[in-house]
Amino acid sequence: MPRLAATVYGRVQGVAFRYFVQIQARRLGVSGYARNRADGYSVEVCAEGGQADLDTLLAQLRIGPPGARVVRVDAEWPSATGEFTGFTIRT
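The following paragraphs examine the structure supplied in this document. This one's a predicted model, so the numbers in the text were calculated from it and none came from an experiment.

Reading the values: rules and limits
Residues numbered from 1 in each chain as written. Predicted model: local features only at pLDDT ≥ 70, side-chain atom pairs only at ≥ 80, totals over all residues. Heavy atoms only, no water. Axes fitted to C-alpha atoms, helices over the stretch in contact; angles between N-to-C directions. Helix = DSSP H or I, 4+ residues; strand = E, 2+ residues; numbered from the N terminus. Parallel < 35°, antiparallel > 145°, perpendicular 65-115°, else oblique. Left-handed = near helix turned anticlockwise from the far one by under 90°. Contact = heavy atoms within 4.5 Å. Nonpolar A, V, L, I, M, F, W, Y, C, P; charged D, E, K, R; others polar.

**A short note on the packing of helix α1 (residues 17–28) against helix α2 (residues 51–63)**
Interaxial distance between α1 and α2 falls to 10 Å at its minimum, and their mutual angle equals 155°. In terms of orientation, α1 and α2 fall into the roughly antiparallel class. For the element pair α1 and α2, the recorded crossing hand is right-handed. Together, Phe17, Phe20, Val21, Gln24, Ala25 and Leu28 of α1 and Asp53, Thr56, Leu57, Gln60 and Leu61 of α2 make up the contact between the two elements. The residue makeup of the contact of α1 with α2, split by class, is seven nonpolar, three polar and one charged.

Listed below in structure tokens is the structure:
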């Protein structure tokens with residue numbers, strides 16, 4: 001099972017971006033988390049699931065919800081750990 005580790009930059013805090021990611025991830029059956037980063041302008045997303053589902057999630061991260069303005073998405077594909085049960089929002 002693959003793992004997506006992504007950082008999304010731009011106007012992505014204060015615009016319900018994490019909730020958008022949670023909805024998309026749950027719809028795709030992907031587990032993991034989304035959380036705001038301390039820099040104030042990025043969100044960290046870690047997700048595990050099928051490759052096609054993660055590719056779809058990554059495409060959605062590049063778009064974001066209405067009100068967001070995604071400038072850049074850095075994505076890595078480390079080894080999956082199987083540590084997640086569901087998709088959560090972390091603080």
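Let's pick the thread back up.
**Regarding the environment of Pro65**
Inspection of the secondary structure assignment puts Pro65 in the loop between α2 and β4 (69–76). In the structure, Pro65 is positioned 45 residues away from Phe20 in sequence and 6.2 Å away in space, judged by C-alpha atoms. Setting aside residues no more than four positions away along its own chain, Pro65 makes contact with Val15, Ala16, Phe17 and Phe20.

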